[in-house]
Amino acid sequence: MMFPKKVKHRKWHKGRSRNTGHVASTKTELSFGDFGLKSLDERWITARQIEAARRAITRCIKRGGKVWIRIFPDRPVTFHGNENTMGGGKGAVDHYVAIILPGTVMFEMGGVGEDIAREALRLASYKLAVRTRIVTRS
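What you are looking at is a predicted structure, and each value in this text was computed from that prediction instead of being measured.

### Structural notes on the overall build of the chain
Item 1. Across its full length, the chain carries two helices and seven strands.
Item 2. Reading the helices (α) and strands (β) of the chain from amino to carboxyl end gives β-β-α-β-β-β-β-α-β.
Item 3. With the C-alpha coordinates aligned to their principal axes, the bounding extent of the chain is approximately 55 × 35 × 25 Å.
Item 4. By the burial criterion, 35% of the 138 residues in the chain qualify as buried.
Item 5. Per element, the accessible surface of the chain, about 9300 Å² overall, is 50% carbon and sulfur.
Item 6. Taking the 27 positively charged and 12 negatively charged side chains of the chain as two groups, their mean positions are separated by 7 Å.

### Observations concerning the sheet that holds strand β4 (residues 75–79)
Item 1. The sheet built from three strands is open, its strands ordered β2-β5-β4 with antiparallel pairing. A strand with exactly one partner marks an edge of an open sheet, and here the two such strands are β2 (43–46) and β4. Put simply, the sheet's adjacent strands are angled 50 degrees from each other on average, direction ignored.
Item 2. Bridging between β2 and strand β5 (residues 92–100) involves four bridges; their strand directions are antiparallel. Among the inter-strand pairings, Thr46 is bridged to a residue of β5, identified as Val97.
Item 3. Along the sheet face, helix α1 (residues 47–60) touches β2 and β5 and points at about 65 degrees away from the line of β2.

### Re the pattern of salt bridges
Item 1. Counting across every chain of the model gives seven salt bridges.
Item 2. A salt bridge links Arg137 to Asp34; the nearest nitrogen and oxygen atoms lie 3.8 Å apart. Of this pair, Arg137 sits in the segment after β7 (132–136) while Asp34 sits in the segment before β1 (35–39), placing them 103 residues apart in sequence.
Item 3. Here Asp34 falls in the partly exposed class, since its relative accessible area comes to 36%.
Item 4. A salt bridge links Arg131 to Asp41; its shortest N-O distance comes to 2.9 Å. Separated by 90 residues along the polypeptide, Arg131 in the loop between α2 (114–126) and β7 and Asp41 in the loop between β1 and β2 bring together distant segments of the chain.
Item 5. What makes Asp41 buried here is its relative accessible area of 15%.
Item 6. A single salt-bridge network, built from bridges that share partners, covers Glu51, Arg54 and Arg55.

What counts as what
- Residues numbered from 1 in each chain as written.
- Predicted model: local features only at pLDDT ≥ 70, side-chain atom pairs only at ≥ 80, totals over all residues.
- Heavy atoms only, no water.
- Helix = DSSP H or I, 4+ residues; strand = E, 2+ residues; numbered from the N terminus.
- Buried < 20%, exposed > 50% of the residue type's maximum accessible area, 1.4 Å probe, protein only.
- Areas by Shrake-Rupley, 256 points an atom, 1.4 Å probe, with all protein chains shown as cover.
- Lys, Arg positive; Asp, Glu negative; His and termini not counted.
- Charge placed at Lys NZ, Arg CZ, Asp CG, Glu CD.
- Pairing = 2+ DSSP bridges.
- Axes fitted to C-alpha atoms, helices over the stretch in contact; angles between N-to-C directions.
- Contact = heavy atoms within 4.5 Å.
- Salt bridge = Lys/Arg side-chain N within 4 Å of Asp/Glu carboxyl O.

Okay, here's the thing in structure tokens:
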């Protein structure tokens, strides 16, 4: 699974999930491959979900072509646990997430046919907790 090698601050503030209508300003176009998976929602995607989607893509293309992962889980999420008393500080870092905004291209692939690429990206979209759209270079 992906996680940062080194971080400046081990624990972050949670922040608030406001439906502000923000859209992505970077990673909105295909840069490397011919086909991509673009998000339509704002969500946190965990490192486990990214790894599951990557495995689904590589299994479908039978290790042919090339896959680019354009997102990286660098935000720590802490977990204090149930049935603990109040106090005792913030919990330990449990996992890492990537913040996804609408319009972010999450995965790209090239070197395979369009039908195989669409099937692989469709299978990968089932592993993610965000609505997606398959985009092509035009």
